[in-house]
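Remarks on the overall topology
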Amino acid sequence: MTATVTIQVQRLPHAEDLPLPRYETDNAAGMDLMACIPADVVLGPGKRMRVPAGFAIAIPEGYEAQVRPRSGLAVMHGITVLNAPGTIDADYRGELGVLLINHGDNAYTITRGMRIAQLVIAPVVRAHLAEVAELSQTARGAGGFGSTGS
Ligand SMILES: O=c1ccn([C@H]2C[C@H](O)[C@@H](COP(=O)(O)OP(=O)(O)OP(=O)(O)O)O2)c(=O)[nH]1
C-alpha cells in the first residue's frame, strides 16, 4: 500500500488553461510537470533554460519534492533536468521551475503544456551534526572513487 500525503497546490494565473500535475498510471512515482510557457521555446544543443511549471505548492514539514527527468525525452532527444533531482523545499512557496538542458545534437522545441519532467514526493531526514576529533574505523576507510576496481 502506497503512503499518501496531502499537498496544497496553487495554480498560478498564467496556468489557468493547463491541468495540474497528475500521476499518469496507478503506481507512478512521479507526477508529470508541464511547461507553462506563453509560446514555443527552441532549446538549442547545449542550451539550458528554467521552464516555469505554472503552480506553487506547500509541502508539509518532513517532506520534499524532487524534480526528475523523463526518460523518454532523455533517450529520444537528450533533454534532461540539469540539476536532477531538483530539490523543492517544504518552506518554498514560489512557482516551481524545471531546469532543462539539451544534451542532444539537435534543437528541441518545447511547447506550452508539454510534459517535461516529473515531481516525486519524498520523506526528509534531517541530521544533527555531532563534531568529533576522530571517526570510527572501517575496512573501507578512505577508499572510494573506484578503489574496489571496475
Ligand atoms: O529544480 C528546482 C530546484 C529548486 N526550485 C526552487 C524550490 C527550492 O526550494 C528553491 C531553492 O532551491 P535550491 O535550494 O536548489 O536553490 P539554491 O540555488 O540553493 O537557492 P536558495 O539560496 O534560494 O536556496 O528553488 C525549483 O523550483 N526547481
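Residues numbered from 1 in each chain as written. Predicted model: local features only at pLDDT ≥ 70, side-chain atom pairs only at ≥ 80, totals over all residues. Heavy atoms only, no water.

Here we take up the side chain of Thr80. Position of Thr80 among the secondary structure elements: in strand S7 (residues 79–81). Thr80 sits in the buried class, given a relative accessible area of 19%. Discounting residues that sit within four places of it in the chain, Thr80 has contacts with Pro69, Leu99, Leu100, Ile101 and His103. (Helix = DSSP H or I, 4+ residues; strand = E, 2+ residues; numbered from the N terminus. Buried < 20%, exposed > 50% of the residue type's maximum accessible area, 1.4 Å probe, protein only. Contact = heavy atoms within 4.5 Å.)

Its location among the elements puts Tyr63 in strand S6 (residues 63–68). Judged by its relative accessible area of 30%, Tyr63 is partly exposed. Distance from Tyr63 to Val5, taken between C-alpha atoms, is 9.1 Å for residues 58 residues apart in sequence. Apart from the residues lying within four places of it in its own chain, the contact partners of Tyr63 are Val5, Ala90, Ile121, Ala122, Pro123 and Val124.

A word on the site of the ligand. Lining the immediate surroundings of the ligand are Asn83, Gly86, Thr87, Ile88, Asp89, Tyr92, Glu95, Leu96 and Gly97. In the environment of the ligand, an oxygen atom lies 3.1 Å from a nitrogen or oxygen atom belonging to the side chain of Asn83. Side-chain polar atom of Asp89 to an oxygen atom of the ligand: 2.6 Å apart, as the coordinates give it. Relative to its free-state accessible area of 560 Å², the ligand is covered by the protein chains to the extent of 49%. With three residues, the top contributor of residues to the shell around the ligand is strand S8 (residues 86–88). (Near = heavy atom within 4 Å. Polar contact = N/O pair within 3.5 Å; in protein donor to acceptor, adjacent residues only side chain to side chain. Areas by Shrake-Rupley, 256 points an atom, 1.4 Å probe, with all protein chains shown as cover.)

On to the pattern of salt bridges, then. With the rule as written, the count across this model stands at four salt bridges. Residue Arg112 is joined to Asp17 by a salt bridge in which the shortest nitrogen-to-oxygen separation is 2.6 Å. You can see Arg112 sitting in the loop between strand S10 (108–110) and strand S11 (115–123) and its partner Asp17 sitting in the loop between strand S1 (8–11) and strand S2 (31–34), a full 95 residues away along the chain. Residue classification places Arg112 among the partly exposed residues on the basis of a relative accessible area of 28%. Of the residues examined, Asp17 reaches a relative accessible area of 56% and is grouped as exposed. For Arg115, the salt bridge identified is with Glu24, shortest N-O distance 3.9 Å. Taken as a pair, Arg115 in strand S11 and Glu24 in the loop between S1 and S2 lie far apart in primary sequence, 91 residues in all. (Salt bridge = Lys/Arg side-chain N within 4 Å of Asp/Glu carboxyl O.)

Nothing here speaks to function; it is geometry throughout.
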